[in-house]
Every structure is written in C-alpha cells, then in structure tokens.
Amino acid sequence: MKPVVSLEGIRKVYRMGEIEFEALKGITLEISEGEMVALMGPSGSGKTTLMQIIGLLDRPTTGRYMLAGEDVTTLSENERAEARNREIGFVFQAFHLLPRLSVLENVEVPLTYAGVPAALRRERALEVLEKVGLAGKEHHLPSQLSGGQKQRVAVARALTMRPAILLADEPTGNLDSKTAVDVMSLFQELNDEGTTVIIVTHEADIAEYTGRIVRIRDGMLESDQPNRHRKRAVGGVA
Ligand SMILES: Nc1ncnc2c1ncn2[C@@H]1O[C@H](COP(=O)(O)OP(=O)(O)OP(=O)(O)O)[C@@H](O)[C@H]1O
Ligand SMILES: [Mg+2]
C-alpha cells in the first residue's frame, strides 16, 4: 500500500518566552493508505501535538512530512489550508458542534467554507448523515442528541469533504463504553471503505479495534506493533 503519511525526524519545540520545551524529539513514522492506527501514550507524551502536525494544523520545528506524496513542510499557509481541506477530516473528544445550528447545518459547515453551492451542500450533508446512521435527525439541535449521536454528527461533518485521512483525538473519551464501541464500529466501516483512520486513545480496549498500535512516550516513539487480533465492533445503535 502507498504511504499516505510519511514523517521523518519530526521535532516540535514549543517556545514560551525564554523557555523552550521539546514536545516531539524526532518522530519517524509511516502510515499507509487504508490503515487504521491507534496512537497511544501517557498524558503529555505528545499525541495531540503529533496529530496537529499530521493534520496540518501546526508545523514541525524540524523534520520532513510527506502527505500523499507531497512535501507539505514547505507549503505556504494557504497551500497548507487547501491540502488540509482536501485530505483531512477531524473528530475531537468534545465534538465541537455549534449549539445553535441544526445537525444538518453543522454538517454543512465545511462545505460552506469550501464554497459548495447550497443545493449540493444539502445533498452531500444528507448523504453523510445517512451513512453515519442519523437519517431523520437532520433538524435536531446538538443538545437534543445523545453523546454517541453527537459524535456521529462530528464524524459526518468530518466526512463531507471526502477526506483521505480521518484524524480523531480521543473520540470516545466522553462516551460510555457501549457508545464508544458504536463509534468504533463506524470508524471500522469507514476504514473498510478505504479511509485511513488515526485515533488517539489512552484506552487499550479502544485500541484493540485498530490494526496497528503506535506508542509514544516523552515525545519519542516507544513501540509500533500490528494488532493481529483486531476486534470487530458491532454497532448500529444510532
Ligand atoms: N502550545 C503549547 N505551548 C507549550 N507547551 C505545549 C503546548 N502544547 C503542548 N505543550 C506541551 O507539550 C507536551 C505534549 O502535549 P500534548 O498535548 O501533545 O500531549 P498529549 O499526549 O496529547 O497529552 P493528553 O493525553 O493529556 O492529551 C506537554 O508537556 C504540553 O505541556
Ligand atoms: Mg492530547
């Protein structure tokens, strides 16, 4: 399989006035198209920092990052934003839905930013809502949904631009274990269809649903192992 994320010697130094902190100390990692990877590690080990770099929300201090074969370390801000919109979907622990917008409108947000015309926007949003099992909930507000349903809306929103890579930072952190498995089943389904999925989690039982477990500690790669006994999540409770 083709490498989609290729990191070479990625370092990230945060500067706070006079103080410097090296959050990533030279990460070399390759993720191929169609993989489903869990990124694990203790609090403060650099997981979110690494995800922000992979997601083009932040730049490494040094090192090279090839995304889908393109060196993205040398891109301008605009070019990076373009590559991000084209290639990456994000899902966060706290859902990040806009409380006053309906489910449908929340899902349309990235399409609006991308300048997609209203009719096509609606069509695409309804299509992804159906995919995540939320047909019929279009006109609910986020507050009228369960936690698992909110996360499904967030996943739907991440899918509207048809990203090659789905990045999820602790997507099940705010969910009970049954709902968490439900969301993992959705990620597995998307992965079966070819989307590369990278999930930050500190829960070993969530990582078991992925095909590869990468551990970082103190900003360094600690281990990188295939998960040969990948569990199948049975979901479907929308
Ligand atoms: N903007 C920043 N400025 C300075 N230091 C930062 C910044 N962001 C993160 N750090 C530091 O970098 C280290 C890694 O942070 P990061 O958020 O990547 O950890 P994490 O592995 O995601 O932890 P958690 O599991 O708690 O979410 C931490 O020590 C943190 O304090
Ligand atoms: Mg984090």
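Residues numbered from 1 in each chain as written. Chains lettered and ligands numbered in written order. Predicted model: local features only at pLDDT ≥ 70, side-chain atom pairs only at ≥ 80, totals over all residues. Heavy atoms only, no water.

You'll find the protein entered in an unreviewed UniProt entry as ABC transporter related protein, with Allomeiothermus silvanus given as the organism.

Some words on the packing of helix α5 (residues 147-159) against helix α6 (residues 177-192)
Where α5 meets α6, the axes come as close as 9 Å, and the angle between the chain directions of the two elements is 20°. With respect to each other, α5 and α6 are oriented roughly parallel. The way α5 lies across α6 gives a crossing that is right-handed. Contacts from G148, Q151, R152, V155 and L159 of α5 reach α6 at T179, D182, V183, L186, F187 and L190. Tallied by class, the residues present in the contact of α5 with α6 amount to 6 nonpolar, 3 polar and 2 charged. (Axes fitted to C-alpha atoms, helices over the stretch in contact; angles between N-to-C directions. Helix = DSSP H or I, 4+ residues; strand = E, 2+ residues; numbered from the N terminus. Parallel < 35°, antiparallel > 145°, perpendicular 65-115°, else oblique. Left-handed = near helix turned anticlockwise from the far one by under 90°. Contact = heavy atoms within 4.5 Å. Nonpolar A, V, L, I, M, F, W, Y, C, P; charged D, E, K, R; others polar.)

With respect to the packing of aromatic side chains
By the definition in use, this model includes 1 aromatic pair. Summarising the aromatic geometry, the rings of F90 and F92 are spaced 6.0 Å apart at their centres and angled 10° between planes, so their arrangement reads as stacked. Overall, the relative accessible area of 26% leaves F92 in the partly exposed class. (Phe/Tyr/Trp six-rings, centres within 6.5 Å; stacked < 30°, edge-to-face > 60°. Buried < 20%, exposed > 50% of the residue type's maximum accessible area, 1.4 Å probe, protein only.)

Let's talk about helix α1 (residues 47-54)
With respect to burial, α1 is a largely interior element, 6 of its 8 residues being buried. Among all positions in α1, only K47, T49, L50, M51, I53 and I54 are buried.

Section: the site of ligand 1
Around ligand 1, the neighbouring residues are Y14, M16, F21, A23, P42, S43, G44, S45, G46, K47, T48 and T49. At 2.6 Å, a side-chain N or O of S43 approaches an oxygen atom of ligand 1. Interatomic distance of 2.6 Å between a side-chain N/O atom of T49 and an oxygen atom of ligand 1. Here ligand 1, which alone exposes 640 Å², has 60% of that area covered by the protein. Among the secondary structure elements, those contributing two or more residues to the shell around ligand 1 are β1 (3-16), β2 (19-32) and α1. (Near = heavy atom within 4 Å. Polar contact = N/O pair within 3.5 Å; in protein donor to acceptor, adjacent residues only side chain to side chain. Areas by Shrake-Rupley, 256 points an atom, 1.4 Å probe, with all protein chains shown as cover.)

As for the environment of L134
Within the element layout of this structure, L134 appears in the loop between α4 (118-131) and α5. Residues L134 and G194, 60 residues apart in the sequence, show an inter-C-alpha distance of 21 Å. Once residues within four sequence positions are removed from consideration, L134 is found in contact with L129, Q149, R152 and V153.

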